[in-house]
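Architecture at a glance
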Amino acid sequence: MSTSTIARPPTASRSEWLAQRKILLAHEKELTRHRDRVNAERRRLPMVKLEKQYVFDGPDGKRTLEDLFEGRRQLIVYHFMFDPAWERGCPGCTRFANALADLSGLYDRDTTFTMVSRAPYAKLEAYKAQKGWTVPWYSSFGSDFNYDFHATLDASVLPIEYNYRDLAEMQARKRPEDPAVGMQGEEHALSVFFRADGELFHTYSTFARGTEGLTAAYALLDTTPYGRQQSFEDSPPGWPQRPTYG
């Protein structure tokens, strides 16, 4: 009788499995509670007023950053890696877009989601049609948007910074097996903006593994100032909230 070489977890009795599962459950619950604490801290971040005007190309021509809000209070932007010289989008960003779930829960909470890339809009439109995506996607080609929010790294435009580290810090930390990451060119990221009294503000950006799992409405809402807007959340006084259930 041959022994399989397939990698697999060890085998245990039901009682042994249950004992270890309960230990893991305790860790999972602590992770959930810690995530709630981090989200509460994120909702208390200050925000930075935007002084620069950004213009994008989309299906209806030129649009400002405020236009991308589509009249809502909050805007989430996924910085999709698509260099102007490329014919196809980044494979990892493509998988992110493929994984996007029903985002109607965002709109119900006064929040808009869109993707932005530096490639000309014609390339984005063609790639979007090929993939069958419906999420809004705009081109920042010719603007400073990607550079200002560190989704495109070019020392001739701005000093290089990625994931809140400057070039010297990144060079000190870079892995030998992945020397190019965080040094130049396109990078993926997610940024959040807030609109109030005719002014726009930057509230949050996350990079690298910080974007993992941000493909469902609740996870995306967790990155915004207002969060999920549910009563279980620890939010500042006056934040919009509704019953968690019902």
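Before going into details, it helps to say that this report is about the structure given with it. (Residues numbered from 1 in each chain as written. Predicted model: local features only at pLDDT ≥ 70, side-chain atom pairs only at ≥ 80, totals over all residues. Heavy atoms only, no water.)

**Observations concerning the packing of aromatic side chains**
- One pass over the full model with this rule turns up 19 aromatic pairs.
- Here Phe56 and Phe145 contribute two aromatic rings whose centre-to-centre distance is 5.0 Å and whose plane-to-plane angle is 80°, an arrangement assigned as edge-to-face. You can see Phe56 sitting in strand β2 (residues 55–58) and its partner Phe145 sitting in helix α6 (residues 145–148), a full 89 residues away along the chain.
- Between Phe145 and Phe193, the aromatic rings sit 6.0 Å apart at their centres with planes inclined by 40°, giving tilted as the arrangement. Taken together, the residues span a long stretch of sequence, with Phe145 in helix α6 and Phe193 in strand β11 (residues 189–196) at a distance of 48 residues. Here the two residues Phe145 and Phe193 agree in accessibility, since each one is buried. (Phe/Tyr/Trp six-rings, centres within 6.5 Å; stacked < 30°, edge-to-face > 60°. Helix = DSSP H or I, 4+ residues; strand = E, 2+ residues; numbered from the N terminus. Buried < 20%, exposed > 50% of the residue type's maximum accessible area, 1.4 Å probe, protein only.)

**Overview of empty space enclosed by the protein**
- Across all of its chains, the model carries one cavity of 30 Å³ or more by this definition.
- Taken as a whole, the largest cavity encloses approximately 40 Å³ of empty space.
- Within the lining of the largest cavity, the residues separate by chemical class into five nonpolar, two polar and two charged. (1 Å grid on protein atoms, 1.4 Å probe; cavity = no way out; pocket = protein on both sides within 12 Å on 5 of 7 lines; lining within 4 Å. Points joined across faces, edges and corners; volume = space filled by probe spheres on them. Nonpolar A, V, L, I, M, F, W, Y, C, P; charged D, E, K, R; others polar.)

**Remarks on the nonpolar core**
- The biggest cluster of nonpolar side chains holds 29 residues, and the ones touching the most others in it are Tyr78, Phe80, Phe113, Met115, Trp133, Trp137 and Leu220.
- When residues of this core are assigned to their parent elements, the largest contribution, four residues, is made by helix α8 (residues 217–221).
- In this view, Tyr78 contacts Cys93, Phe96, Phe113, Thr114, Met115, Val116, His188, Ala189 and Leu190; residues no more than four positions away in its chain are not counted.
- Counting residues in each nonpolar core, the second largest holds 14 residues, with Leu50, Tyr54, Leu65 and Leu75 among its members. (Core = buried A, V, L, I, M, F, W, Y, C linked by side-chain atoms within 4.5 Å. Contact = heavy atoms within 4.5 Å.)

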